[in-house]
Amino acid sequence: MALDHAILVSLLEMPGSGYELARRFDRSIGYFWTATHQQIYRVLGRMAADGLLTVREVPQQGRPDKKEYSVAAPGRAALTRWLHEPIEPESMRHELAVKIRGAAFDDPAALIREVERHHRAHSDRLAHYLAGERRDFTGPAAPAPLDAGQELQHVVLRGGIAYERMTIAWLDDVLATLHRIGAATPPA
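Values in this document were obtained by computation on a predicted structure and should not be read as measured data.

(A) Looking closely at the overall build of the chain. Regarding its fold elements, the chain presents seven helices and three strands. Scaling as 2.2 N^0.38, a compact globule of 188 residues should have a C-alpha radius of gyration of about 16 Å, whereas the chain reaches 22 Å, well beyond that. Principal-axis analysis of the C-alpha atoms gives the chain an extent of 70 × 45 × 40 Å. At a minimum sequence separation of 6, the contacts of the chain that also span at least 24 residues come to 57%. Carbon and sulfur atoms make up 57% of the accessible area of the chain, which amounts to about 12600 Å² in all. Across the chain, 23 positive and 24 negative side-chain charges occur, with their mean positions spaced 3 Å apart.

Given below as structure tokens:
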């Protein structure tokens, strides 16, 4: 998937400035497709020049005018073509998994701190996802019923929640194994 497609989806959900789009990437869509603010601004400029986006100058008081981007008809057509193309199933390419296997050739206990760091990061991300789910989909302020776009956003978020829970369970298993192996391995 190109960054272009993630930008088209986000702008179809809600037009916005480059800054607003970058914040959305930081807050939600970025958990599934990452991009730096510089990449987003560069791609927005190219997509606008290619006619995929329209740009509207929005006057601001006391600040320079901002550019608000929205998807033009050719952009929607490009997204539609991409949505109908098959994609390869993703493979699990996981550097930490290779390190864990490699620990057999070193001190397995030396990897515990790194696995604990990953565990904290995934636990924090899960907490963030769950808070977003309560805020946007299941809490008292959530719209009821959800429209089709909200339902699709929620199903992607539920996938992220399930992935984080699975990863945390796996990391718990890795930690238990490292502790068991480390306790059974005599010092060199």
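(B) Quick look at unusual backbone geometry. The linkage connecting alanine 144 with the following residue, proline 145, adopts the cis geometry, with an omega of -5°. With respect to the helices and strands, the residue proline 145 is situated in the loop between helix 6 (112-138) and helix 7 (148-184).

(C) How the structure looks around a nonpolar patch on the surface. A grouping of Phe32, Leu152, Val155 and Val156 is seen on the molecular surface, where their side chains present a nonpolar patch of about 350 Å² in accessible area. Relative to the helices and strands, valine 156 resides in helix 7. A relative accessible area of 42% means that valine 156 is categorised as partly exposed.

(D) Region of the structure containing the side chain of glutamate 164. Mapped onto the elements, glutamate 164 comes out in helix 7. We classify glutamate 164 as buried; its relative accessible area is 1%. Excluding residues within four positions of it along the chain, glutamate 164 makes contact with His122, Arg125, Leu126 and Tyr129.

(E) Looking closely at the packing of helix 1 (residues 3-13) against helix 3 (residues 37-49). At a minimum axis distance of 10 Å, the contact between helix 1 and helix 3 shows a crossing angle of 80°. On the basis of their axis angle, the class for helix 1 and helix 3 is roughly perpendicular. Side by side, helix 1 and helix 3 meet where Leu3, Asp4, Ile7, Leu8 and Leu11 of the first sit next to Gln39, Ile40, Val43, Leu44, Arg46 and Met47 of the second. Taken together, the residues of the contact of helix 1 with helix 3 break down into eight nonpolar, one polar and two charged.

(F) Inspection of the sheet that holds strand 3 (residues 66-71) at higher detail. Strand order across the open sheet formed by three strands is 1-3-2, with antiparallel pairing between neighbours. Two strands close off the open sheet at either side, each with one partner strand: strand 1 (16-17) and strand 2 (53-58). Two elements, strand 1 and strand 3, share two bridges in a ladder whose sense is antiparallel. Note on strand 3: the bridge partner recorded for serine 17 is glutamate 68. On the sheet, helix 3 packs against strand 2 and strand 3 and is oriented at approximately 110° with respect to strand 2.

(G) Spatial organisation of helix 2 (residues 18-27). Those residues of helix 2 not exposed but buried are Gly18, Leu21, Ala22, Arg24 and Phe25. Projection of helix 2 onto a plane perpendicular to its axis shows the buried side chains occupying an angular sector of 155°, all on one side. Elements that come into contact with the buried residues of helix 2 comprise helix 1, strand 1, helix 3 and strand 3.

(H) Focus on the nonpolar core. Counting 21 residues, the largest nonpolar core has Ile7, Leu11, Phe25, Ile40, Leu44 and Leu53 as its most contacted members. Counting residues per element, this core draws most heavily on helix 1, which supplies five residues. Grouped together as the second largest cluster of nonpolar side chains are nine residues, Leu96, Leu111, Leu171 and Leu178 included.

(I) Layout of the domain arrangement of the chain. Domain boundaries in the chain define domain 1 (1-84) and domain 2 (95-184). In this structure, domain 1 and domain 2 have C-alpha centres spaced 29 Å apart. On the domain 2 side, the residues contacting the four residues of domain 1 number eight residues. Of the roughly 550 Å² buried between domain 1 and domain 2, counting both surfaces, carbon and sulfur atoms make up 53%. The interface formed by domain 1 and domain 2 holds zero salt bridges in total.

Thresholds applied
- Along every chain, residues carry numbers that run from 1 in the direction the sequence is written.
- Selection of residues for local features in this predicted model requires a pLDDT of at least 70, selection of side-chain atom pairs for listing and counting requires 80 or more, and totals for whole chains, interfaces and linings are taken over all residues.
- Here the side-chain values reflect all heavy atoms present in the structure, with hydrogen atoms and water set aside.
- Segments assigned H or I by DSSP are reported as helices when at least four residues long, segments assigned E as strands when at least two residues long, and all are numbered from the N terminus.
- Here the globule rule reads 2.2 Å times residues to the power 0.38, and the radius of gyration is calculated from C-alpha atoms.
- It only takes one pair of heavy atoms within 4.5 Å for two residues to be counted as in contact.
- Calculation of accessible area relied on Shrake-Rupley with a 1.4 Å probe; when residues are assessed, cover is drawn exclusively from the protein chains displayed.
- In this tally Asp and Glu are treated as negative and Lys and Arg as positive; neither His nor the chain ends contributes.
- Charge coordinates come from a single atom per side chain, which is NZ of Lys, CZ of Arg, CG of Asp or CD of Glu.
- To count toward a patch, a residue needs a relative accessible area over 30% and no salt bridge; like charges are then connected within 9 Å, while nonpolar side chains (Val, Leu, Ile, Met, Phe, Trp, Tyr) are connected within 5 Å.
- When a carboxyl oxygen of Asp or Glu lies within 4 Å of a side-chain nitrogen of Lys or Arg, that pair is called a salt bridge.
- When a residue's accessible area, from a 1.4 Å probe over protein chains only, is under 20% of the maximum for its type it is buried; when over 50% it is exposed; and in between it is partly exposed.
- Axes, fitted as lines to C-alpha atoms, cover a helix only where it is in contact. Angles between the N-to-C directions of the axes lie from 0 to 180 degrees.
- An angle counts as roughly parallel when it lies under 35 degrees, as roughly antiparallel when it exceeds 145, as roughly perpendicular when it falls between 65 and 115, and as oblique in every other case.
- Charged residues are taken to be Asp, Glu, Lys and Arg, nonpolar residues to be Ala, Val, Leu, Ile, Met, Phe, Trp, Tyr, Cys and Pro, and polar residues to be all remaining types, Gly included.
- Two strands pair if DSSP finds at least two bridges between them.
- By construction, the arc corresponds to the directions joining the helix axis to the C-beta atoms.
- We call a set of buried residues a nonpolar core when its members are Ala, Val, Leu, Ile, Met, Phe, Trp, Tyr or Cys and they connect through side-chain atoms within 4.5 Å of each other.
- Source of the domain bounds: an automatic or database domain assignment.
- Put simply, buried area is the surface a 1.4 Å probe can reach on two separate parts but cannot reach once they are joined, added for both.

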